[in-house]
Structures are given as structure tokens and as C-alpha cells.
Amino acid sequence: MLKTLLAAGLATGLLLPSAIVQAAAAAEPIVIRFAHVVTEDTPKGQGALLLQKLVTERLGDRVKVEVHANSSLFGDAEELAALQRGEVQLLAPSLAKFEQYTPKLKVFDLPFLFDDLAAVDRFQQRPTGRDLLLSMNQHGIIGLAYWHNGMKQLSASRPLQQPADARDLSFRIQSSKVLEAQFAAVGAKSVKLPFAEVRGALQSGKVQGAENPWSNLYSQQLHQVQPYISETNHGVLDYMLVSNARFWYGIPHEIRSELEAIIDEVTYAVNQQAARLNAADRERIAASGQSRIIALSDAERAAWRAAMQPVWQQFEGEIGATVLRAAKAANRTTRN
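Summarised in this report is the structure supplied together with it.

The rules behind each value
- Residues numbered from 1 in each chain as written.
- Predicted model: local features only at pLDDT ≥ 70, side-chain atom pairs only at ≥ 80, totals over all residues.
- Heavy atoms only, no water.
- Phe/Tyr/Trp six-rings, centres within 6.5 Å; stacked < 30°, edge-to-face > 60°.
- Lys NZ or Arg CZ within 6 Å of the ring centre and 35° of its normal.
- 1 Å grid on protein atoms, 1.4 Å probe; cavity = no way out; pocket = protein on both sides within 12 Å on 5 of 7 lines; lining within 4 Å.
- Points joined across faces, edges and corners; volume = space filled by probe spheres on them.
- Nonpolar A, V, L, I, M, F, W, Y, C, P; charged D, E, K, R; others polar.
- Helix = DSSP H or I, 4+ residues; strand = E, 2+ residues; numbered from the N terminus.

Attention now goes to the packing of aromatic side chains. Tallied over the full model, the rule gives six aromatic pairs. Between Phe114 and Phe123, the aromatic rings sit 5.8 Å apart at their centres with planes inclined by 45°, giving tilted as the arrangement. Grouped by ring-pair contacts, the aromatic residues Phe108, Phe114, Phe123 and Tyr146 constitute a single cluster. One cation-aromatic arrangement involves Lys44 over Tyr239; the distance from NZ or CZ to the ring centre is 3.7 Å. Residue placement shows Arg284 over the ring face of Tyr218; its charged tip is 5.6 Å from the ring centre.

Dropping the structure here:
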């Protein structure tokens with residue numbers, strides 16, 4: 001198949017990705033380097049290993065997946081540029097990382113937009129959500145799937161019960177204008193930091209708070225340096241599994257179809273595991289006694305939502321009214 005693809009490319013003048021050409025010429029497997037920035041015991045880390053396992057079992061010596069975890073190959077700030085250069089073939093960055101390529105994905109950063117992960121699932125599986133996977137094609141990036149990490153909680157050096165409690169604190173954020181606006185809405189500051197630096201920054205006091213799912217809080221031991229965690233469920237931390245579009249479409253159709261089927265299977269497993277792991281890690285943190293978990297009342301959560309909801313209007317023009325309307329509609333009850 002690879003030799004046929006190479007011959008067809010030469011006959012038609014089609015410029016094929018160098019990885020495919022080399023594999024065809026040498027009859028070697030297609031190498032897919034999958035880099036990510038978290039540990040292997042997180043949903044994303046487990047998903048990468050499962051993908052590697054299934055590819056080995058089902059595609060044998062035709063495809064080889066190499067997994068590089070915990071920023072060992074590329075860090076937060078480098079990975080997407082490396083993907084575009086063809087130095088890595090699979091990534092699963094958080095959705096906040098893509099705002100420089102498409103403003104539409106900012107919808108996932110809007111605070112208190114989705115009621116729960118079930119609402120996120122409904123949005124991602126409907127046509128508007130599926131279309132967003134293809135929203136970066138002009139930049140050479142193709143989305144293959146959405147992977148859950150979990151709903152985000154607020155951790156801090158002091159209790160956060162009301163929005164005013166966050167005033168003047170500095171929170172670590174990913175590089176996202178929406179997240180900057182989210183914290184500015186409650187009088188807080190934000191500091192952009194790579195994920196690998198979060199624990200040290202919290203421990204040193206460079207920042208006093210952060211937002212993370214339970215699995216990140218536990219796997220990075222952030223609860224050891226954050227005495228309070230408010231169970232806000234205010235946003236979703238999801239990933240998009242992406243590839244270099246030229247590389248991906250250069251894979252022979254038969255092999256690519258098998259890879260897509262494997263990715264669908266892995267995506268289901270990742271999302272199920274994320275739900276289980278977040279529930280388990282919440283309990284581990286509670287049992288540790290190292291961080292107090294603050295459960296918000298319905299009225300308190302409504303106050304946080306009201307304080308941050310103006311961010312929706314601030315970014316509606318960039319995201320698009322159609323996308324925002326579809327996201328709202330994914331909740332079980334229609335809200336303004």
C-alpha cells in the first residue's frame with residue numbers, strides 16, 4: 001500500500017509528507033510521535049498508552065506509535081509549533097491552547113456555560129461541535145477527537161465561597177484571553193504559566209490559586225500546596241486530539257481508517273476513565289486532609305455564575321452567536 005501511494009504521488013506530482021515517502025521507500029512503519037505534557041496516570045496519559053497498545057495489536061509493523069509523556073519531548077509553549085513543523089504527529093492540547101488558530105474554540109473556556117460533562121458531550125457530538133474539529137485546517141491542524149479531563153475546580157490559598165473572596169488573588173491560567181477575562185470579572189489577577197511550572201508557582205506564592213479538574217489536582221499533588229478547593233465545576237478542561245493535516249491525509253486510506261476506528265474506541269475509554277478518575281481523586285484529596293473541599297450552595301454557585309457570565313457577551317462576537325447558541329442548547333434546561 002505504501003509503495004502504491006508513493007508511485008501514485010510520483011505519477012501525479014502530489015507532494016507527500018516526508019514521513020510517508022520515507023516509510024514507503026524503506027518499507028518501514030509509519031512512525032507517529034504522540035507528545036503530551038501530563039503524567040501517564042491521568043486520563044490523557046492513559047489514553048495515549050491505550051492508543052499505542054491498540055495500534056501495535058491491530059496494525060502490527062505498519063504503524064508505530066511512540067508516546068512521550070510529561071513534557072519530555074515538547075512543553076506547552078512548543079508543541080503546536082512542533083506539530084506544524086512535522087516534528088511530532090499527535091498531540092492532545094487543552095482546548096484553550098487553540099485560540100491563536102480559531103476563536104470558535106473559545107466557547108469551551110466560557111465560565112459556567114455547560115451544566116456538566118453530559119452537556120459538553122451533547123455539544124461535541126452534535127454538528128456544530130463536530131465542525132469545530134475542522135476549524136483549524138487552514139493552519140495545517142486537523143482535530144480527530146475530543147478527550148475529557150474533567151470539570152474545573154478553583155483552588156486557592158484562602159477559602160473561595162463568594163466571588164468577592166477571589167479579589168486580588170493571582171491565579172495560574174493557560175494562555176487564554178477568556179480565562180483572563182474570567183478572573184478579571186471577579187477582581188482577580190491571572191498569570192500564564194506552563195503546566196509543568198504550576199506546582200512550584202503555587203508553592204512559592206508566585207500565584208495563589210489555580211483551576212484544575214480533580215485528576216490534575218491529585219496527580220500533580222496540588223492539594224498539598226493549596227489549602228482550599230472550591231467545588232465550582234465552573235468550566236471544562238478538555239483536550240483535542242490533533243494531527244498535522246498534511247501528515248494525516250498522507251497516510252494511506254486503509255490505514256487511516258483503521259487509525260480513526262482505534263481513536264473512536266480510545267476516546268470512549270478516555271472519557272469513561274476521566275469520569276471515574278475524577279471521582280476517585282476527589283475522594284483521595286478529601287481523605288488526605290491536606291486541603292479543605294468547599295461545597296458551594298446553589299445560591300453561592302449562582303452568584304459565581306452571575307459574576308462571570310458577562311464574559312459570554314464579551315466573546316460572543318469572536319466565537320459566533322451560532323456556536324454559543326448551540327452550546328447553551330446542550331444543557332438539559334435552557335438558560336439565558
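So, next bit.
Let us now look at empty space enclosed by the protein. Rolled over the atoms, a probe sized like a water molecule indicates the empty space that remains. Inspection of the entire model under this criterion finds four cavities of 30 Å³ or more. In this structure, the largest cavity occupies an estimated 110 Å³ of space. If you go around the largest cavity, you meet 13 residues; those closest to its centre are Ser94, Lys97, Gln174, Phe195 and Tyr239. Class assignment for the residues of the lining of the largest cavity results in five nonpolar, four polar and four charged. Of the voids in this model, the second largest cavity is the one considered here, and its volume is about 40 Å³. Counting residues per element, the lining of the second largest cavity draws most heavily on strand S10 (residues 236-244), which supplies three residues. Residues that form the lining of the second largest cavity fall into these classes: five nonpolar, two polar and three charged.

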